[in-house]
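Topology and contacts: notes
Residues per chain are reported as follows:
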Amino acid sequence: MSTETQITDSETTIEDCIEQAATSVGAAWPLHSFVTANPLAGFEDRPFHEAVDEADRLFGADGYPSADVFAAAWKTGQIDTEILQVEITSHGYHEDPETLLDQLRTVEQQADAESTVSPGNDQIDHLLTKWLAAFLDQGQTEWPMPNRESGFYTAFRTVARHDTAIPDRSAIASLPEEPLAAIEAILEAYPTEQYEDIFEAQFASLPGWVGFIKQQAENGGDWQSAYPITLADYLAVRLALAEQFAESLAPSTAEKSDAIEDKRVPLAEVWLSAWEQSYREELVAAVSNASASLAEGNDSDDLERPDAQLVFCIDTRSEIIRRHIESTGNYETHGYAGFFGVPMRYKAYESDVTVDACPPIVEPTHRVADRPSCDHDHEHSHAHEHSHEHKQATHDRWSDALEGATKVVKKLKSNAATAFSFVETAGAGYGAALTARTLMPGRVADLLSAADKRVPANHEFCEPSVDYNPDSINELREGFFFEEKVEFAQTAFELMGIKDFGRLFVFTGHGSHTSNNPFESSLDCGACAGNHGGPNARVLAAICNEEAVKDELRAEGYDIPEDTVFVAAKHNTTTDEISLYTTSVPASHAEDIERLEDDLETAREGSAAERAASMGAGNDAADTKRRAADWAETRPEWGLAGNAAFVIGPRELTAGYDLDGRSFLHSYDWSTDPTGESLAAIIAGPMVVTQWINTQYYFATVDTAAFGSGSKITHNPVGNIGVYQGNGGDILTGLPLQSVKAADDEPYHQPLRLSTVIHAPCERVMDILSENETVRQLLDNDWLSLTVVDPTKDHRVFDYAGELSWRPLDETEPQLESESTPTVSAVADD
C-alpha cells in the first residue's frame, strides 16, 4: 500500500461540497474560551433578509423580532412614528402601522404552521452525539474514549463496533479506512450534484456540534492536535449511522412559500429598520453637535494635564465606568481593542495550558509567559527583591496545598470504591458549606476574598516575558524584538490619537467574576477570545515603561514626559472594581496611585449602583458583589446586552452624554491620521468584531432556542465545551436566555443591528471601504449601518447608502436607490 493516501476525483468533489455546505453553519468555540460570533456568518455574502430566509429553511429559526416585540417598542417610543411611516412608504407598503402589525402576526402564524424543516433522526442524533461527546471531551470525564489520537472516524470504527445500540455492528467494522472513501461508498446511489444539499442537511441536523468541529478543524489548537476531527469524519460517521437505520439521504424537494415571490423588503425588516433609525437619530445628532462644539473650542495649549489617563476596552460595559471615572476628577479615558494590539499566546504562572489572548480574526504571533521577577534596577532594593521571592514562595505553598486537596477530593468522589464512604464522612461539612453559600453568598464571598488576599497574585511576583527569549522552544517565539515593542506602543497611540501624557497612563484590561457559571467566559473580553484582558494590559504597560522604547517614541514625535509611568489594571465587569497592578510603580508616584485608587472606588460605587438598577436591585451597589459570589445566580451581570452602536472618534464627542452602556467606543482623531491607516485598521478589526458581537446578541434574542442556548436552569454542561438542554442532543452554542431577556417573553436586549458612527472625512472613509471588500459587503447587505459625521464639511451627517454612495441626512427627501443618491464627490464642494 502506498505511504501516501491517494485522493480520487470523486473525493475531491466530496471535499469541495463539504467546504461549501459548511458555510451554512457558523463556527462555535468551547465554553472555556467563548467567542461571540455571527451564527449566520456563512450568509454574510447575501442580503440580511435572504440570510434570515435561509436560517428559516435550514433550522426553522426566526430571524426577526416578533410583531409583539415591535408593537411594544412602538408603544414605548423606541420606534418613532414619523420614521416608521417613512420606512413603510418608501418600501412600497401603504397600510397603517396597526394593520401591518396584524399582517405580520398572520405571517408568523402561517410560518409556524407551514414549517418545512425536517427534524433530524432522533436515533441517529442520539447515537452520534453520544460518540461526539466522548471524543471531544476536554478533560471533564475520568475515563476518556480509547484511540482518540487516531482521529474521530478511526476511533469510532474501532470502538463503536461494541455499541449494542447499533443494529449491524459488523458493518461499522468493515467501513473503509478513510472517511472520504466511506462517504463515497455510502453515496454511490446519489448523483454528485446532490452531494452539497445532502451534506448541508446533515450539518443542519446538529449545527452546534458541527460548528464546534468546524472551528476546531480550522483553528487547530492543543486539543485538535492531540485528538483530530474533521467535518469529513463527522459526515462519514453520520452517513454510516443513517445507513444503519435506512434513512433516506435525498435532499428535500419541498417548494418554497409563495411569500418569497414578493420582491419588497420583508415587512419585519421595515419595522426593524425604523427601530434602528429611531435609536441612531439621537446618537448621531449628539455626535454632530459635539463635533461642532469641539471645533469651536479646541485649543490644546489651554488644556490642563490630566492626573491620569485610563485606556479601556471598547466593550460597551466600559462606557458606564468611564463616565463615572471622568466625573470624579481630572481624568481622561480612552477606548481601544481590549487585547491592546498585542497578538499573543499567553501562559499564566503554573498553568498547564496556553490561551490565545487576541481576537479570532487575528493569529497570535508571540508567546508570553509569566516569569518570577528578578528585577535589579535602581528602583528596586534588595528588600523588594526578597519580597518578590517571599510572595512567590507563599503563593506556591498555597497553590500546591489547594491542588493536592482538590485532586484527593476528586478521586474520592469519582472512585466507585470510596464515593459512598466519602459522602457519609464529609456530608455534614459539605451540607453546611452548601447552606452558607446558598443563604449567605455575600458573607462567604467576603471570607474567601480575605483568604485570597493572603495569597499573593501572580502579578505581584511575576513579570510577562516581553523580552525575546532564544532559549524558549515553543510553537511561537517567546517575547518581542525591540522594533516590535516600539511598533505595538506606537500603534496604540496612533489609533487612539494620543498626543499628551499624564503622570499615570493606565492600560485597563477586563474580565468577569462569577460563580457556578458555565458561560463565564462569555462575559470576559471578546477581543481576547473570551479570556481576561489583564495579561495584555501588563504586556503593553511593561513595554511602554522601557526607557529605550520611550526614547524611540519621543524620536517619533511623542512627547512623553520623564515623570509618565505606565500602569496595568484589570476591570472586573461584574462588580466594577478596578485593580491596579502597582508592583513596578516607583515610590515617587505613590500619592498619585493612592488618589487614583480612591477615585476608582468612588466611580465603582456609582457605576455599580447604575448597573444594579438595570437588574432590578434598585441602586444597591453591593448587589453586584452578591451576584458575583452567588452560585445560584443566573444573571450575575448583563454582559453586552443592549449593545447597539459603535462610535469611532475622540472621547469628547460622547463625554457629555449618558450612552446607557449601549455603545462600543473606540478613540480616534482624524486630524492625527493624515493617511487614514489608523482608521482603516479600526474598520478592518474592531468594527468587524463588534459586528460579530452584535449579531450574536441579536439572533440569541429573536430566537433563543435556535440561536441561543435556552434557560440556564436546565443546562447540563458536557465535556467542558458546551451545554445540553437535558441529558443529550445538540450542544447549544449561543447566549442563554438570562443574558438577553428579562423574562421568557420580555427582551432586555433590544435586537437591533449595529449602528456605526465615524467622525472623519467622508472621502477618507470611502477610500477605505473601496479597498476593504469584506466590510463593504457587510454594509451593502445590511448587516450593519454606517453614518459619517464629517468635520471637514461643517459637521454634516452622511449615511452610507450602498455601492460606495452616501445620503446626506439634511436631504428632506432621501432616496434609497444608490443610482440617484448624491455621492461624496457630489457634495464635496457644498
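Check the entry above for the structure.
An account of the accompanying structure is given in this report.

So, how was this worked out
Residues numbered from 1 in each chain as written. Predicted model: local features only at pLDDT ≥ 70, side-chain atom pairs only at ≥ 80, totals over all residues. Heavy atoms only, no water. Helix = DSSP H or I, 4+ residues; strand = E, 2+ residues; numbered from the N terminus. Contact = heavy atoms within 4.5 Å. Areas by Shrake-Rupley, 256 points an atom, 1.4 Å probe, with all protein chains shown as cover. Pairing = 2+ DSSP bridges. Axes fitted to C-alpha atoms, helices over the stretch in contact; angles between N-to-C directions. Core = buried A, V, L, I, M, F, W, Y, C linked by side-chain atoms within 4.5 Å. Buried < 20%, exposed > 50% of the residue type's maximum accessible area, 1.4 Å probe, protein only. Polar contact = N/O pair within 3.5 Å; in protein donor to acceptor, adjacent residues only side chain to side chain. Patch = residues over 30% accessible without salt bridge, like charges linked within 9 Å, V, L, I, M, F, W, Y side chains within 5 Å. Salt bridge = Lys/Arg side-chain N within 4 Å of Asp/Glu carboxyl O. Lys, Arg positive; Asp, Glu negative; His and termini not counted. Charge placed at Lys NZ, Arg CZ, Asp CG, Glu CD. Phe/Tyr/Trp six-rings, centres within 6.5 Å; stacked < 30°, edge-to-face > 60°. Parallel < 35°, antiparallel > 145°, perpendicular 65-115°, else oblique. Left-handed = near helix turned anticlockwise from the far one by under 90°.

We now examine the overall build of the protein. Helix and strand counts for the protein come out as 31 helices and 19 strands. Of the contacts made within the protein by residues no fewer than 6 positions apart, 72% connect residues no fewer than 24 positions apart. When the accessible surface of the protein is split by element, carbon and sulfur atoms take 49% of a total near 37300 Å².

Moving on, we get to the sheet that holds strand β7 (residues 504-511). Across the sheet, which stays open at both edges, the five strands sit in the order β2-β1-β7-β8-β9 with mixed pairing between neighbours. Every other strand in the sheet has two partners, leaving β2 (331-336) and β9 (578-581) as the edge strands with one partner each. On average, each strand axis in the sheet is inclined to that of its neighbour by 25 degrees, with strand direction left out of account. Two strands pair when backbone bridges link them, and strand β1 (residues 308-313) and β2 are joined in this way by six bridges, in the parallel orientation. Bridge pairing links Phe312 to Gly335 in β2. Relative to β2, helix α20 (residues 482-496) is tilted by about 105 degrees, and along the sheet it contacts β1, β2, β7 and β8 (565-572). The sheet contacts of helix α21 (residues 534-545) involve β7, β8 and β9, and relative to β8 the element is tilted by about 175 degrees.

With that settled, consider the nonpolar core. Here is a general trend for soluble globular proteins: nonpolar side chains tend to be buried in one another's company. Core analysis: the largest hydrophobic core is formed by 139 residues, its most contacted members being Trp271, Phe493 and Phe507. Here the element with the most residues in this core is helix α14 (residues 267-296); it accounts for twelve residues. Leu127, Phe245, Leu249 and Ile721 belong to the second largest nonpolar core, which has 55 residues in total.

Moving on to the side chain of Thr573. The residue Thr573 is located in the loop between β8 and β9 in this model. The class for Thr573 is buried, based on a relative accessible area of 1%. At 3.1 Å, the side chain of Thr573 and the side chain of Arg317 are in polar contact. The contacts of Thr573, once residues within four sequence positions are left out, are Arg317, His510, Gly511, Ser512, Leu523, Arg611 and Glu637.

Taken residue by residue, helix α3 (residues 67-75) has Ala67, Val69, Phe70, Ala71, Ala73 and Trp74 as its buried positions. As for α3, its buried residues are in contact with α4 (81-90), α5 (97-113), α14 and β15 (746-747). Where α3 ends, the next residue or the one after it, Gly77, has phi of about 90 degrees, a positive value.

So, about the environment of Thr756. In this fold, Thr756 is placed in strand β16 (residues 754-759). Look at Thr756 and you get buried, because its relative accessible area is 0%. Put simply, Thr756 and Ala644 are 112 residues apart on the chain and 8.7 Å apart in space, counted from C-alpha to C-alpha. Setting aside anything within four residues of it in sequence, one finds Thr756 in contact with Phe646, Ile648, Met687, Leu784, Ser785, Leu786 and Thr787.

Take the pairing of strand β3 (residues 344-347) next. Inspection of the sheet shows β3 paired to strand β4 (residues 355-357) by three bridges, in the antiparallel sense. Considered in β4, the bridge of Arg345 is made with Asp356. Of the strand pairs in this sheet, β3 and strand β5 (residues 366-372) are connected by four bridges, and their pairing is parallel. Note that in β5 the partner of Met344 across the bridge is His366.

Here we come to a negative patch on the surface. A cluster of acidic side chains, namely Glu50, Asp53, Asp56, Asp62 and Asp112, defines a negative patch on the protein surface. At three residues, helix α2 (residues 48-59) tops the list of elements feeding residues into the negative patch. Judged by relative accessible area, Asp56 falls into the partly exposed class, the value being 36%.

The next subject is the pairing of strand β19 (residues 805-808). Side chains Ser805 and Arg807 project from β19 onto one buried face, and the interleaved Trp806 and Pro808 project onto a second face that is buried too. In terms of strand pairing, strand β18 (residues 796-802) meets β19 through four bridges, oriented antiparallel. Bridge pairing links Tyr800 to Trp806 in β19. Taking the residues between adjacent antiparallel strands as the criterion, β18 and β19 are bridged by two residues, where Glu803 takes a positive phi near 55 degrees.

To continue, consider the packing of aromatic side chains. Enumeration over the complete set of coordinates arrives at 33 aromatic pairs. Residues Phe48 and Tyr698 carry aromatic rings whose centres are separated by 5.8 Å and whose planes lie at 75 degrees to one another, so their mutual orientation is edge-to-face. With Phe48 in helix α2 and Tyr698 in helix α26 (residues 686-702), the pair connects residues that are 650 residues apart, well separated along the chain. Judged by relative accessible area, Phe48 falls into the buried class, the value being 1%. Using a relative accessible area of 1% as the deciding quantity, one classes Tyr698 as buried.

Moving on, we come to the packing of α3 against α14. With their axes 11 Å apart at the nearest point, α3 and α14 run at an angle of 30 degrees to one another. One finds that α3 runs roughly parallel with respect to α14. Like other packed secondary-structure pairs, α3 and α14 cross with a definite hand, here left-handed. In contact with Val69, Phe70, Ala73 and Trp74 of α3, α14 contributes Ala268, Trp271, Leu272 and Trp275.

The subject of this paragraph is the pattern of salt bridges. For the coordinates displayed, the defined rule picks out 45 salt bridges. The closest approach of N and O atoms between Arg323 and Glu610, which form a salt bridge, is 3.1 Å. Within this pair, whereas Arg323 is found in helix α15 (residues 316-326), its partner Glu610 is found in helix α23 (residues 590-614), the two being separated by 287 residues in sequence. The buried category is assigned to Arg323, whose relative accessible area is 16%.

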